[in-house]
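The primary structure of each chain is shown beneath.
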Protein chains: 2
Amino acid sequence: MSGIHIISEKELRSLVKLDLEIVESVKVGFSELEKGNATVPPIMMIPVPEKSGEVDIKSAYIKGLDRLAVKVASGFFENSKLDLPSGSGLMLVLSSETGFLKAVLLDNGYLTHVRTGAAGSIAAEYLAPETVENVGVIGSGLQARYQMQGLFLKRKFSTIRMFSLDSDEVRDEYVRDLEKELGVKVIKAGSVEEVVKESSVVVTTTPARTGYINSEWLHSGLHITAMGSDTEVKQELYSSVFAKADIVSCDLKSQCFRLGELRSAVEDGVLSLDSPVVELGEFINKKNPGRTSDKQITVCDLTGVGVQDTMISLTAYDLALKNGIGTLLG
Amino acid sequence: MSGIHIISEKELRSLVKLDLEIVESVKVGFSELEKGNATVPPIMMIPVPEKSGEVDIKSAYIKGLDRLAVKVASGFFENSKLDLPSGSGLMLVLSSETGFLKAVLLDNGYLTHVRTGAAGSIAAEYLAPETVENVGVIGSGLQARYQMQGLFLKRKFSTIRMFSLDSDEVRDEYVRDLEKELGVKVIKAGSVEEVVKESSVVVTTTPARTGYINSEWLHSGLHITAMGSDTEVKQELYSSVFAKADIVSCDLKSQCFRLGELRSAVEDGVLSLDSPVVELGEFINKKNPGRTSDKQITVCDLTGVGVQDTMISLTAYDLALKNGIGTLLG
């Protein structure tokens, strides 16, 4: 029982996939958060402006669980000059009974990608129309992949329309990979407008700093998940989108009003801190029914919450223990 | 150059000692902090009240250094029921150029003990009288040891008076160990009053929640370092001690006014946020001379600052690299 498990990225990738089991474990995190059983301290940010970098630390303690996780995630946006990925990181699993370190998950950001995809999947479960043929995604990076995978777990769509400012090469790879992985048609759209107008569900996955989803393009039955904004300076949706939404939801209000799309919506006077905004946990705990008609326009703002990190870390660690994977030190 | 170094507690204990070299490296941290070159985010605290526990995360980025550290430290005060130490933890070394993880220092709190002893040593360097024969310590735990070791690096005293509420066994062990280690006489004092009245330097190292150092016992030439309080509810010095002090100093004002002795002194109206309080970095950077007469009464309040953790982590990691110590993963 003692000793510290070191689990490599390769091992974690073999153990953890974005599947319904993982989505269920992340739902437990949001459910406990909504019940008031989770302590989520404010995100700790260590800016390194000289390298356009930032180290963010997230954590959550969920009452009744015998372990908690601490995540250290880096984003250094000059890494591309060195041909390195901008993101990296690890998760630590600590006993919540003794405080002792149990495991170091050297996931290099992988578990964050998966738990973020899982949050998108949860949003779709409660807010996407029941039947979905055409979906859209803005961006063609890693989250553009995970979000479509997470969505596919809940809605068996047949076509993805993707718009992205990435290179032809990156976009072609996206088309090839997603067509193969999900067995769907992937279309390179000519504009954001085309994506929004032709899709029942749109997921925005960019680090944009000004809105680019125009409320004039919204249509009956549309659901939008915006997962790109996680700092005070990012924004993907024009505030007017919120004025047209029948349901506004998010992962954690206190975070989204500070770091997400809700921030700019408040700044522009479209929302206030008292506006009815539904957290994912309220859907999960059946305190809010989510979408009740195929005509509603719904929006979900995701910033990423420590409970997701704690839940995916504990699940990954349990899988490692069960499968005898990892290196035991000490 | 790539890969992640895992360095065990045993390896770290063999590499890092509380010596003048380590004290100098911690001084660099305080010096840069004072110059405005360090970013020290507020401490992240994850309370686990069910187990009288808390996980604290500290960090600091020092401009010009190519790495930074993140420390995760736990204190779980019901561990004694399980015959386990209350404290544990680890430090992470990240590149401040790419954000990538460089090393995991599984120090289990050891480096924190050393860097805390180093801060006491720095306080003594600038505030203890030049010649010191008799010193005192309140408490007989680990910091009661490290603080006396740190003090001995700067002042070659001959006698320690120790008062502690610990068991006879723990106190006897303290006497035996410190006499052997430092070659000084260690006396079990009968009261805090005796310790204060008979000593030129007193270090308080307890988790007390109400003051126990009475200002009536203070005498000309006394220096007190109070390192026990690091939360809103702890206190070792009665506020009246500050009223009698000629120099009030601390490691980081913003922290000490929130978590240290300065907090209770402000609450009691003895100090205000504008009172002249000197940070350790001001002594190191020669912006304040420290003690200028053998008659002054001086106090230093230590809460522990992320720059100490970053400096000791980088020093430990460099020593490990230089000596080829640690396990390289990936």
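Residues numbered from 1 in each chain as written. Chains lettered and ligands numbered in written order. Predicted model: local features only at pLDDT ≥ 70, side-chain atom pairs only at ≥ 80, totals over all residues.

1. A look at the overall build of chain A
A count of helical and extended segments in chain A gives 11 helices and 16 strands. Principal axes of the C-alpha set define a box for chain A whose edges measure 60 × 45 × 40 Å. Taking all 330 residues of chain A together, the buried fraction comes to 58%. (Helix = DSSP H or I, 4+ residues; strand = E, 2+ residues; numbered from the N terminus. Buried ≥ 20, exposed ≤ 12 C-beta atoms within 10 Å, placed from the backbone.)

2. Focus on the interface of chain A and chain B
Between chain A and chain B, the residue contacts involve 39 residues of the former and 39 residues of the latter. Only β1 (4–7), β3 (44–48), β4 (53–62), β5 (67–76), β6 (87–95) and β7 (101–105) of chain A provide two or more residues apiece to the side of chain A that touches chain B. Element by element, the count of residues in the side of chain A that touches chain B is highest for β5 of chain A, at six residues. Counted by class, the side of chain A that touches chain B contains 25 nonpolar, 12 polar and two charged residues. (Contact = placed C-beta atoms within 7 Å. Nonpolar A, V, L, I, M, F, W, Y, C, P; charged D, E, K, R; others polar.)

3. Details of the sheet that holds strand β14 (residues 278–279) of chain B
All names here are of chain B. Strand order in the open sheet made by the eight strands is β10-β9-β8-β11-β12-β15-β13-β14, with parallel pairing throughout. Bordering the open sheet on either side are β10 (185–188) and β14, each of which pairs with just one other strand. In the sheet, strand β11 (residues 201–204) pairs with strand β12 (residues 223–226) via four bridges, with the strands oriented parallel. Bridged to Val201 within β12 is His223. Set on the sheet, helix α3 (residues 110–127) makes contact with β11, β12, β13 (247–250) and β15 (298–301); between it and β12 the angle comes to about 160 degrees. Along the sheet, helix α4 (residues 142–154) contacts β8 (134–138), β9 (159–163) and β11; its crossing angle with β8, the most-contacted strand, is approximately 155 degrees. (Pairing = 2+ DSSP bridges. Axes fitted to C-alpha atoms, helices over the stretch in contact; angles between N-to-C directions.)

4. A short note on the packing of α4 of chain B against helix α5 (residues 168–182) of chain B
Residue and element names in this part refer to chain B. Taken N-terminus to C-terminus, the directions of α4 and α5 make an angle of 20 degrees; their axes are 11 Å apart at the nearest point. In terms of orientation, α4 lies roughly parallel with respect to α5. The interaxial crossing formed by α4 with α5 has right-handed handedness. Seen from α4, the contacting residues are Ala144, Arg145, Met148 and Phe152; seen from α5, they are Tyr174, Leu178 and Leu182. When its residues are assigned to classes, the contact of α4 with α5 shows six nonpolar, no polar and one charged. (Parallel < 35°, antiparallel > 145°, perpendicular 65-115°, else oblique. Left-handed = near helix turned anticlockwise from the far one by under 90°.)

5. Observations concerning the nonpolar core
Judged by nonpolar contacts, the single largest core of 219 residues is most densely connected at Leu92 and Leu105 of chain A together with Leu92 and Leu105 of chain B. Setting aside residues no more than four positions away along its own chain, Leu92 of chain B makes contact with Val72 of chain A together with Ala69, Val70, Leu101 and Val104 of chain B. (Core = buried A, V, L, I, M, F, W, Y, C linked by C-beta atoms within 7 Å.)

6. What to know about the relation of the copies chain A and chain B
Of the transformation superimposing chain A on chain B, the axial component is 0.0 Å and the angular component is 180 degrees, with the fit at an RMSD of 0.0 Å. Accordingly, the operation relating the two chain copies is best matched by a two-fold axis. The rotation axis passes nearest to the C-alpha of Met44 of chain A in chain A, at a distance of 3.2 Å. Interface residue correspondence from chain A to chain B reaches 100%, placing this contact among same-surface, isologous pairings. (Least-squares fit on C-alpha atoms with pLDDT ≥ 70 in both.)

7. Some points on the domain arrangement of chain A
Residue and element names in this part refer to chain A. As far as domains go, chain A holds domain 1 (4–111 + 307–329) and domain 2 (123–304). Domain 1 and domain 2 are separated by 24 Å when their C-alpha centres are compared. In this complex, domain 1 contributes 10 residues to the contact, which on the side of domain 2 involves 12 residues. Ranked by the residues each element gives to the side of domain 1 that touches domain 2, the list is headed by helix α2 (residues 20–34), at seven residues. (Domains from an automatic or database assignment.)

8. Describing the environment of Ala189 of chain B
Residue and element names in this part refer to chain B. With respect to the helices and strands, the residue Ala189 is situated in the loop between β10 and α6 (192–198). A tally of 21 C-beta atoms within 10 Å means that Ala189 is categorised as buried. Along the backbone, Ala189 and Ile138 are 51 residues apart, and their C-alpha atoms lie at a distance of 9.6 Å. Excluding residues within four positions of it along the chain, Ala189 makes contact with Arg161, Met162, Phe163, Glu194 and Val195.

9. A few points about unusual backbone geometry
All names here are of chain B. At Ser52, a position not held by glycine, the phi torsion is positive, near 45 degrees. Inspection of the secondary structure assignment puts Ser52 in the loop between β3 (44–48) and β4 (53–62). By C-beta crowding, Ser52 is classed as partly exposed, having 13 other C-beta atoms within 10 Å.

10. Here's the deal with the sheet that holds strand β8 (residues 134–138) of chain A
Residues and elements named next belong to chain A. Taken together, eight strands build an open sheet; the order of strands is β10-β9-β8-β11-β12-β15-β13-β14 and the sheet is parallel. Edge strands, defined here as strands with exactly one partner in the open sheet, are β10 (185–188) and β14 (277–279). Within this sheet the neighbouring strands show an average axis-to-axis angle of 20 degrees, counted without direction. With four bridges joining them, strand β12 (residues 223–226) and strand β15 (residues 298–301) adopt parallel strand pairing. Directly across from His223, in β15, lies its bridge partner Thr298.

11. Focus on the pairing of β13 of chain B
Residues and elements named next belong to chain B. The alternating pattern of β13 places Ile247 and Ser249 and Val248 and Cys250 on opposite faces, both of which are buried. Across four bridges, β13 lies against β15 in parallel orientation. The residue of β15 that forms the bridge with Ser249 is Cys300. Sheet analysis places β13 next to β14, joined by two bridges and oriented parallel. Bridge pairing in β14 links Ser249 to Val278.

12. Observations concerning the pairing of β6 of chain A
Residue and element names in this part refer to chain A. By the criterion of burial, β6 is predominantly enclosed, with seven of the nine residues buried. The pairing of β5 with β6 spans nine bridges and is antiparallel. Opposite Arg67, over in β6, you have Ser95 as the bridge partner. Note that β6 and β7 share four bridges and pair antiparallel. The residue bridging Leu92 from the neighbouring strand is Val104, located in β7. Connecting β6 to the next strand, β7, in antiparallel fashion are five residues, including Gly99 with a positive phi near 80 degrees.

13. Some thoughts on the environment of Gly87 of chain B
All names here are of chain B. Considering the arrangement of structural elements, one finds Gly87 in strand β6 (residues 87–95). Along the backbone, Gly87 and Lys197 are 110 residues apart, and their C-alpha atoms lie at a distance of 32 Å. Every residue in contact with Gly87, bar those within four places of it in the chain, is listed here: Ala73, Ser74, Gly75 and Gly109.

14. Describing the environment of Lys17 of chain B
All names here are of chain B. Inspection of the secondary structure puts Lys17 in the loop between α1 (9–15) and α2 (20–34). For Lys17, a count of 11 C-beta atoms within 10 Å puts it in the exposed group. Measuring from C-alpha to C-alpha, the distance between Lys17 and Arg115 comes to 9.7 Å, with 98 residues separating the pair along the chain.

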